Amino acid sequence: MRELTYVARHAVEWREAPDPKLRSDQEAIVAPVAATSCDVDSAILAGHGFLDPPFALGHECVARVVETGDAVITVAPGDLVVVPWSINCGTCDHCRAGLTAHCTAVPHMAMYGAPIGGSWGGLFSDLVRVPWADAMLVPLPSGLDPVAMASASDNWSLSWRLVAPHLKNKPGARVLVVARGSIGLYVCDIARALGASDVLYVDPDPGHREIARSYGAATAETLEPFPHGFDIAVEATGRVDQLALAVKSLAPEGICESAGNHFRPGELPLLDMYLTGVTLRIARDNVRNHIPDALDLAASGKVAPERVVSHVLDWEQLPDVLPEKHLKPVFVRADS
């Protein structure tokens with residue numbers, strides 16, 4: 001089979017790899033049918049990551065099940081499934097507590113799309129081995145478009161977690177979104193659908209702001225501190241100066257969720273945060289725990305994640321197109 005491999009800054013190529021084989025009766029082999037780049041993939045391709053190439057890339061896709069072990073009961077060959085980005089067993093103490101990104105059955109941070117916690121391959125590959133099929137794979141609900149939901153492996157479901165639980169606890173909250181990619185736009189869509197009273201989306205890209213406005217958000221090109229302006233802030237830029245502006249705009253006891261990959265250091269306004277009583281969470285998502293709820297919202301018809309998809313492209317175009325700067329390209333297998 002082939003796997004798309006990151007080889008240098010702004011460069012990827014197909015490389016041959018052995019076809020994956022089942023190693024236990026709990027495993028599955030899947031074939032991605034609609035795969036997309038995570039916001040962090042853009043940073044990796046730009047050379048801002050902390051891992052040296054080469055390595056297989058990609059950790060967001062909807063796939064078709066090709067083969068399953070005898071003990072697998074929740075999916076079968078032919079099913080369309082969401083493949084979560086992190087590897088998890090479903091039975092260790094962390095997994096049972098919902099901390100699926102911290103599974104103790106595998107090395108710390110084990111994931112697709114980067115050689116962290118072992119080499120698990122990438123979801124821009126012709127075939128992928130899933131070590132615990134029942135624990136990991138989530139069937140795609142009937143009627144949902146694999147192209148629109150290609151990001152459910154990570155960014156879509158992460159975006160649900162960034163804002164949905166907080167809006168449940170504080171209905172009608174005011175939401176600030178400081179972003180540069182798909183995560184912030186998904187958050188705008190979800191926040192409005194779940195009853196946020198006001199959403200302000202901040203992004204220098206005019207095309208992104210247009211999509212945010214289609215979700216009912218107000219928009220701005222840049223952000224000045226807006227003291228006590230928002231109950232919830234979501235930062236997804238990877239820039240500490242933007243995170244600082246977000247937390248300085250929170251109301252007393254406000255909540256800031258940071259989904260940015262902060263590869264570069266910076267300073268936060270800790271005294272302001274102390275005086276305001278800010279809660280700040282900076283974290284990778286325990287995504288497997290949130291995929292079902294995120295898919296349920298997508299199936300409700302209250303949201304339109306397809307608006308964030310910037311291009312629908314053929315699978316064979318991956319090496320040429322992926323390094324280009326696109327918001328959310330989805331690559332589709334012709335035989336899917």
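Residues numbered from 1 in each chain as written. Predicted model: local features only at pLDDT ≥ 70, side-chain atom pairs only at ≥ 80, totals over all residues. Heavy atoms only, no water.

**Overview of the pattern of salt bridges**
Here is step 1: According to the stated counting rule, one finds 10 salt bridges in the structure shown.
Here is step 2: Between Arg161 and Glu257 there is a salt bridge; the shortest N-O distance is 2.7 Å. Taken as a pair, Arg161 in helix H4 (residues 155–169) and Glu257 in strand E13 (residues 250–258) lie far apart in primary sequence, 96 residues in all.
Here is step 3: On the basis of relative accessible area, Arg161 is assigned to the buried category, the value being 7%.
Here is step 4: The residue Asp241 makes a salt bridge to Arg239 at a minimum N-O spacing of 2.9 Å.
Here is step 5: Residue Arg239 is classed as partly exposed on the basis of its relative accessible area of 37%.
Here is step 6: Residues joined in a network through salt bridges with shared partners are Arg2, Asp126 and Glu316. (Salt bridge = Lys/Arg side-chain N within 4 Å of Asp/Glu carboxyl O. Helix = DSSP H or I, 4+ residues; strand = E, 2+ residues; numbered from the N terminus. Buried < 20%, exposed > 50% of the residue type's maximum accessible area, 1.4 Å probe, protein only.)

**Description of the sheet that holds strand E2 (residues 11–16)**
Here is step 1: Pairing in this open sheet of three strands is antiparallel, and the strands run E2-E1-E4 from one edge to the other. Because the sheet does not close on itself, it has two edges, and the strands there are E2 and strand E4 (55–56).
Here is step 2: Here strand E1 (residues 2–8) runs beside E4; their pairing, made up of two bridges, is antiparallel. Pairing of Thr5 across the sheet is with Ala56, part of E4. (Pairing = 2+ DSSP bridges.)

**Brief notes about helix H6 (residues 206–214)**
Each α-helix winds once per 3.6 residues, and so residues spaced three or four apart point in a common direction.
Here is step 1: Taken together, the buried positions of H6 are His208, Arg209, Ile211 and Ala212. Angularly, the buried residues of H6 cover 160° about the axis, an arc narrow enough to put them on a single face. Seen from the buried face of H6, the exposed residues on the opposite side, beyond 90 degrees, are Pro206 and Glu210.
Here is step 2: Buried residues in H6 make contact with helix H5 (182–193), strand E10 (198–202) and strand E11 (218–220).
Here is step 3: Backbone nitrogen of Gly207 and a side-chain oxygen of the N-cap are separated by 2.8 Å at the start of H6; the cap is Asp205.
Here is step 4: Just downstream of H6 lies Gly216, where phi reads positive at about 90°. (Arc of directions from axis to C-beta. Contact = heavy atoms within 4.5 Å. Polar contact = N/O pair within 3.5 Å; in protein donor to acceptor, adjacent residues only side chain to side chain.)

**Overview of the packing of aromatic side chains**
Here is step 1: One pass over the structure, following the stated rule, counts five aromatic pairs.
Here is step 2: Seen from their ring centres, Trp156 and Tyr186 are 5.3 Å apart, and the 90° between their planes marks the pair as edge-to-face. Of the two residues, Trp156 is situated in helix H4 and Tyr186 in helix H5; the sequence distance between them amounts to 30 residues. The two residues Trp156 and Tyr186 agree in class, both being buried.
Here is step 3: Ring geometry for Phe226 and Phe230: centres 5.4 Å apart, planes at 65°, overall edge-to-face.
Here is step 4: With a relative accessible area of 45%, Phe226 lands in the partly exposed category.
Here is step 5: Here the guanidinium or amino end of Arg2 rests over the ring plane of Trp14, the centre of that ring lying 4.1 Å away.
Here is step 6: A cation sits over an aromatic face here: Arg333 above Trp315, 5.1 Å from the ring centre. (Phe/Tyr/Trp six-rings, centres within 6.5 Å; stacked < 30°, edge-to-face > 60°. Lys NZ or Arg CZ within 6 Å of the ring centre and 35° of its normal.)

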